[in-house]
Amino acid sequence: MELVSNLPVYQTVPEKYIFPPDKRPANDIVNHSINLPVIDLRGGGIDSDGQDEIIRDIMKAGKEFGFFQVINHGISTKTIDNMLQVCENFFKMPAQEKERYYSDDMSRAFFLNSSTQYDKSQTRYWRDYLRIACYPIEEFVDQWPEKPENFREILSEYTLRVREIASKILKLIAEGLGLHKDYFAGDLSKGNIKMEVNFYPPCPDPSLTMGLLPHCDRQLITVLAQGTAATGLQAKYKQKWINVKPIPGAFVVNFGHQLEIVTNGILKSVEHRALTNSTVARTSIATMTMPTMDCLIAPAKELVNENNPPMYKEFIFRDFIKAYDAALANREGVLEFFKLY
């Protein structure tokens, strides 16, 4: 079992985690003057007269950035902090306690691993992670660990609350596109909700390492909680990277490939990556709303016409997953399988 969280405290980075000079983040341009839009969801109930401005803000952010942060979303800071803390406590458990969960079997409802499944080179990412199937809760809860204390209870509550946020945002997006507000409520979002919990321990020399490779998400939409201890997430914006600065109590929302395809490119799925730092451990929790595996994906008929023909062919989501894995999560590589022009 090879976990970064089990490593002794090194003064230098072990060789297997050192990226070639041309792959190191220090070589890339970072635009420090741009921040992601922050959208206040207060008063944005689906039947509220005050939601028009929220819809406009979401659509503008989605078209320009493919990313935004939301505040006043209805989940308490305590609920978010409890989830971040219990996950961090899991990674800090003794190695023998974690060993039973270590696996690369993607069919398991709960497993622990390190680096990434798309790590096909000799260089490993400075990251441990949990992959959790978390909804429907009753289907998976007995397969979650009982330690740390209250893990199941905290995860159950957090899953229900974040699912509500994702559903609300998808309804607002549908209205912003001129679609029925429940357009995304069927098979496009009824796959098992999955969670990926990322843990990035302090790194002796962050300039040599990466936390997670540049990639776009394969699902419909992601709602991410990131701890406020340090900045690590970066998103691509106009060929440069921007820092996604943590805001206490906020969620980061980003669009997956499926949302870009269904909207025929109106909304964007944008590359993002994670960096390491030398001072504190950083935890983030990505909750992913997925289509069902047999869901038919295609640009919405309401959004295409003679002047705006479909950019992508129809496909089954299961086939997209195979293409995504074959392309090792590379944005252009995976979309080439499905582009019409």
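Residues numbered from 1 in each chain as written. Predicted model: local features only at pLDDT ≥ 70, side-chain atom pairs only at ≥ 80, totals over all residues. Heavy atoms only, no water.

- For the chain, the name recorded in an unreviewed UniProt entry is 2-oxoglutarate (2OG) and Fe(II)-dependent oxygenase superfamily protein, with Rhynchospora pubera as its organism.
- In the Sequence similarities (unreviewed entry) part of its UniProt record, the chain is described as follows: "Belongs to the iron/ascorbate-dependent oxidoreductase family." (UniProt positions renumbered as here; feature names shortened; annotations may be inferred.)

As for the pairing of strand β8 (residues 233–237)
Here is step 1: Of all five residues that make up β8, four are buried, and the element is covered over most of its length.
Here is step 2: Sheet topology note: the β8/strand β11 (residues 272–274) ladder contains three bridges and is antiparallel. Along β11, the bridge assignment pairs Gln234 with Arg273.
Here is step 3: Relative to strand β9 (residues 240–243), β8 runs antiparallel, the two being bridged by four bridges. Bridge pairing in β9 links Ala235 to Ile242.
Here is step 4: In textbook terms, the turn of a hairpin is the stretch between consecutive antiparallel strands, and for β8 and β9 this stretch comprises two residues, one of which, Lys238, has a positive phi near 55 degrees. (Buried < 20%, exposed > 50% of the residue type's maximum accessible area, 1.4 Å probe, protein only. Helix = DSSP H or I, 4+ residues; strand = E, 2+ residues; numbered from the N terminus. Pairing = 2+ DSSP bridges.)

So, the UniProt feature "domain: Fe2OG dioxygenase" (unreviewed entry) in the chain
Here is step 1: Here the UniProt-annotated "domain: Fe2OG dioxygenase" (unreviewed entry) positions come out as residues 191–291.
Here is step 2: Measuring from the first to the last C-alpha atom of residues 191–291 gives 5 Å, for a span that is 6% helix and 43% strand.

Observations regarding the pairing of strand β12 (residues 282–289)
Here is step 1: With eight of eight residues buried, β12 is to be regarded as a mostly interior element.
Here is step 2: Two strands pair when backbone bridges link them, and strand β5 (residues 193–200) and β12 are joined in this way by seven bridges, in the antiparallel orientation. Residue pairing across strands places Asn198 opposite Ser284, the latter belonging to β12.
Here is step 3: Two strands pair when backbone bridges link them, and strand β7 (residues 221–226) and β12 are joined in this way by six bridges, in the antiparallel orientation. Each residue of the ladder has a partner; that of Leu224, found in β12, is Ala286.

Looking at the sheet that holds β7
Here is step 1: Spatial ordering of the open sheet is given by β1-β2-β10-β7-β12-β5-β4-β3, a layout of eight strands whose pairing is mixed. The two strands at the open ends of the sheet, each matched to only one other strand, are β1 (38–40) and β3 (110–114). Neighbour-to-neighbour, the strand axes of this sheet turn through a mean angle of 25 degrees, independent of strand direction.
Here is step 2: With respect to the sheet, helix α1 (residues 52–64) is in contact with β1, β2 (67–71) and β10 (251–255), its orientation differing from that of β1 by roughly 160 degrees.
Here is step 3: Helix-sheet contacts for helix α5 (residues 151–176) involve β2, β3, β4 (128–135), β5, β7, β10 and β12, and the interaxial angle to β7 is about 130 degrees. (Axes fitted to C-alpha atoms, helices over the stretch in contact; angles between N-to-C directions. Contact = heavy atoms within 4.5 Å.)

Remarks on the sheet that holds β8
Here is step 1: Spatially, the four strands line up as an open sheet ordered β6-β11-β8-β9, and their pairing is antiparallel. With one partner strand each, in any of the chains shown, β6 (212–215) and β9 form the two edges of the open sheet. Pairs of neighbouring strands in the sheet enclose a mean axial angle of 25 degrees, with direction left out of account.

Considering the side chain of Glu271
Here is step 1: Checked against the element boundaries, Glu271 lands in the loop between α6 (257–262) and β11.
Here is step 2: By relative accessible area, Glu271 is classed as buried at 19%.

Thoughts on the packing of aromatic side chains
Here is step 1: Applying the stated criterion across every chain yields a total of 20 aromatic pairs.
Here is step 2: Aromatic side chains Phe315 and Phe320 sit 5.6 Å apart centroid to centroid with 25 degrees between the ring planes, which places their arrangement in the stacked category. Residues Phe315 and Phe320 agree in their burial class; the two are buried.
Here is step 3: Pairing Phe320 with Phe338 gives two aromatic rings, centres 5.2 Å apart and planes at 25 degrees, and the pair type is stacked. In this pair, Phe320 is assigned in helix α7 (residues 317–326) and Phe338 in the segment after α8 (331–335), connecting sequence segments 18 residues apart. The pair formed by Phe320 and Phe338 is uniform in burial state, with each residue classed as buried. (Phe/Tyr/Trp six-rings, centres within 6.5 Å; stacked < 30°, edge-to-face > 60°.)

Description of the pattern of salt bridges
Two side chains of opposite charge can pair, provided their charged atoms sit close to one another.
Here is step 1: Inspection of the entire model under this criterion finds 14 salt bridges.
Here is step 2: Taking the shortest distance from any N to any O, the salt bridge between Arg131 and Glu196 comes out at 2.5 Å. Taken together, the residues Arg131 in strand β4 and Glu196 in strand β5 connect sequence positions 65 residues apart.
Here is step 3: Residue classification places Arg131 among the buried positions, given a relative accessible area of 9%.
Here is step 4: According to the relative accessible area criterion, Glu196 is buried, its value standing at 13%.
Here is step 5: For the salt bridge of Arg152 with Glu146, the shortest nitrogen-to-oxygen distance reads 3.7 Å. (Salt bridge = Lys/Arg side-chain N within 4 Å of Asp/Glu carboxyl O.)

Overview of the state of the cysteines
Here is step 1: Applying the stated rule across the entire model yields zero disulfides.
Here is step 2: Its sulfur unpaired, Cys87 is 10 Å from the next cysteine sulfur, which belongs to Cys134.
Here is step 3: With relative accessibility at 0%, the residue Cys134 sits in the buried group. (Disulfide = S-S within 2.5 Å.)

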